[in-house]
Amino acid sequence: MTDTSESNFLFLAESSRREVLSTLRPIGKDDSDLDNLTELALSIFNVDGARLSLVDSDQSHVLSFCGLVGNIDIWTLEAHSIAASEPCFVVPDASGDVRFAETSAVVQAPRIRFLAIAPIHVANERVGTLSILSLKPHSEFTHEQQQKLIQLARLAGSLMELKRNSRLDETAVKKLHLEEDRNAMALEVGNVGSWVWDLKTGIFTGNKMAYSMLGLSEDSPVTGEDVFRAMHPDDFPMMKSSITRALAHDQDYAGEFRAASSGQWLLGRGRIFERDESGRPTVAVGVNINITATKNAAEKTRLLLRELNHRVKNTLAMLQSLARQTLNRTADPAEFMEAFSGRLRAISEAHTLLSDREWSGINLIDLITRQVEPYAIYDAGQMVLVGEDVILPPDHALGLGIALHELATNAAKHGAFSVAGGQVRISWEIEQGLDGSRVIIHWIEAGGPPVATPATRGLGERLIERSLDKVISSSVRLSYSESGMEAIISMPIKDNSVPEFL
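Residues numbered from 1 in each chain as written. Predicted model: local features only at pLDDT ≥ 70, side-chain atom pairs only at ≥ 80, totals over all residues. Heavy atoms only, no water.

Remarks on the nonpolar core
- Formed by 34 residues in total, the largest nonpolar core has its most connected members in Leu364, Val372, Leu392, Leu400, Ile426 and Trp443.
- Among the secondary structure elements, those contributing two or more residues to this core are helix 12 (364–372), helix 13 (394–413), strand 15 (423–433), strand 16 (436–446), strand 17 (475–481) and strand 18 (484–492).
- In terms of residues, this core owes the most to one element, helix 13, which gives 7 residues.
- Not counting residues up to four positions away in its chain, the partners in contact with Leu392 are Gly361, Ile362, Leu364, Leu367, Ala397, Leu400, Val439 and Met491.
- Residues Leu24, Cys66, Val127 and Leu130 belong to the second largest nonpolar core, which totals 30 residues. (Core = buried A, V, L, I, M, F, W, Y, C linked by side-chain atoms within 4.5 Å. Buried < 20%, exposed > 50% of the residue type's maximum accessible area, 1.4 Å probe, protein only. Helix = DSSP H or I, 4+ residues; strand = E, 2+ residues; numbered from the N terminus. Contact = heavy atoms within 4.5 Å.)

This is the structure in structure tokens:
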């Protein structure tokens with residue numbers, strides 16, 4: 001290829017041409033239409049070969065050929081014809097043309113001599129060529145023959161453009177279907193049902209999730225009235241009124257309702273999508289979103305807040321009673337603060353455990369460990385627990401927490417925890433009765449100082465005995481054997497507490 005011809009090929013790098021070429025390359029593989037066209041060119045012009053090629057900036061891509069010219073490299077000749085201005089590029093004898101005499105296909109086998117090449121246009125771009133070639137020079141290639149080759153090249157361009165557009169349309173449809181599948185999957189994963197409501201016919205269509213949410217079958221036509229009947233009867237009037245009002249005032253609608261079949265809460269949102277010539281709505285589109293989890297969470301929060309308000313009232317009453325009783329028994333302010341602070345900590349520990357478990361109850365072992373273990377100051381082995389764990393209702397746990405605190409502080413001051421060799425054994429068992437299950441807790445001290453029944457009942461003893469007053473059918477019995485203090489606590493496991501602190 002000469003320097004002069006190279007300057008003519010700069011247009012081959014244009015981006016628009018490259019883009020068209022990229023969409024044409026898949027065409028031609030086993031394409032009988034293009035093969036018929038090259039065979040027709042071969043028979044019309046009685047030459048040794050005919051081929052149809054896409055011409056890139058550095059090589060040719062053969063789409064169809066017949067005769068002896070399929071795999072030979074004539075890119076220089078084809079590219080020159082695209083760069084040239086004439087509609088048909090003719091070389092009577094390439095071996096005598098200084099532009100092409102050194103081209104490999106001319107110098108070496110098959111030693112091309114004659115060629116006529118017409119450019120092929122697709123999408124207003126010169127993208128290829130229809131070439132006829134002969135191994136012998138042709139002294140004449142008439143104007144009529146050139147016009148026939150140009151017409152065949154135009155036919156090839158039209159055929160290739162049709163095939164290209166068909167492939168592009170097919171690709172676009174595939175992309176559209178893929179996008180629809182992605183959107184459908186995204187809606188399904190997000191628990192969203194999408195729907196379209198034809199207001200003229202009343203027909204309701206949606207994705208699988210939309211039918212599933214409403215308990216409807218997609219195997220038969222569904223109408224708007226079917227959708228309304230699929231709503232919970234208590235929610236239907238409000239929803240129908242909301243939708244009717246939105247349609248009348250040209251507004252989006254939003255409403256919450258339950259599906260009659262499952263009881264699931266759904267959030268429905270929709271808007272007008274199409275109107276007729278007079279402005280009346282004809283098509284509405286929207287979504288239904290499953291908000292059952294959100295509704296349940298809100299209800300749970302509401303119940304927890306109500307429970308918390310109830311517990312706070314009870315706790316304040318409990319604190320008021322503790323403060324009054326402690327003050328009545330303790331004249332010294334410092335002694336009062338010490339005694340009252342300890343009881344506050346006992347209540348605080350129980351509250352912390354309950355809050356961590358959203359006031360659903362406390363494990364008995366956790367409660368005993370929190371209230372008693374800190375007072376076993378000499379050795380953790382001073383406290384022995386025997387029994388299978390059990391869940392205590394909130395009021396039971398608060399009352400028992402105070403009792404355990406008083407027993408532990410008494411043991412630390414006067415009983416088994418006050419000496420290194422002392423030990424407190426806490427055991428419990430579950431008893432079944434006519435009125436339900438009960439837990440019986442035994443507190444037994446041993447190894448501490450000798451114990452005698454006190455002449456007067458102290459505040460600690462009163463608090464222990466009254467700690468479970470608010471828990472119906474509960475009891476606390478204290479005894480003072482010589483080996484150490486003993487307590488038996490009995491309470492029902494079921495939460496049957498009264499609403500106020502006694």
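There's plenty left to go through after this.
Side note on the packing of helix 12 against helix 13
- Close contact between helix 12 and helix 13 brings their axes to 9 Å; oriented N to C, the two are set at 35°. Both helix 12 and helix 13 take part in a crossing whose hand is right-handed. Across the interface between the two elements, Leu364, Leu367, Ile368, Gln371 and Val372 of helix 12 pack against Ala397, Leu400, Gly401, Leu404, His405 and Ala408 of helix 13.
- Of the residues contributing to the contact of helix 12 with helix 13, the split by class is 8 nonpolar, 3 polar and no charged. (Axes fitted to C-alpha atoms, helices over the stretch in contact; angles between N-to-C directions. Left-handed = near helix turned anticlockwise from the far one by under 90°. Nonpolar A, V, L, I, M, F, W, Y, C, P; charged D, E, K, R; others polar.)

Some details on the environment of Ile27
- Counting through the fold element by element, Ile27 comes out in the loop between helix 2 (15–24) and helix 3 (32–45).
- Remark: the alpha-carbon pair of Ile27 and Arg167, spanning 140 residues in sequence, is separated by 9.0 Å.
- Other than its neighbours up to four places away in sequence, Ile27 contacts Leu34, Leu63, Met160, Lys163, Arg164 and Arg167.

Here we look at the packing of aromatic side chains
- A complete count under the given rule lists 7 aromatic pairs for this structure.
- Ring centres of Phe114 and Phe141 lie 5.5 Å apart, and the angle between their planes is 50°; this geometry places the pair in the tilted category. In this pair, Phe114 is assigned in strand 4 (residues 114–122) and Phe141 in the loop between strand 5 (125–134) and helix 6 (143–189), connecting sequence segments 27 residues apart. With respect to burial, Phe114 and Phe141 carry one shared label: buried.
- For the pair Trp197 and Phe228, a centre-to-centre distance of 6.1 Å together with 80° between the ring planes defines the contact as edge-to-face. A residue pair is termed long-range when its members are at least 10 positions apart, and Trp197 in strand 6 (residues 192–198) and Phe228 in helix 8 (residues 224–229) qualify at 31 residues. (Phe/Tyr/Trp six-rings, centres within 6.5 Å; stacked < 30°, edge-to-face > 60°.)

Points about the side chain of Asp235
- By the secondary structure assignment, Asp235 is in the loop between helix 8 and helix 9 (236–248).
- Given a relative accessible area of 7%, Asp235 falls into the buried group.
- Discounting chain neighbours no more than four positions away, the residues touching Asp235 are Phe257, Arg258 and Trp265.

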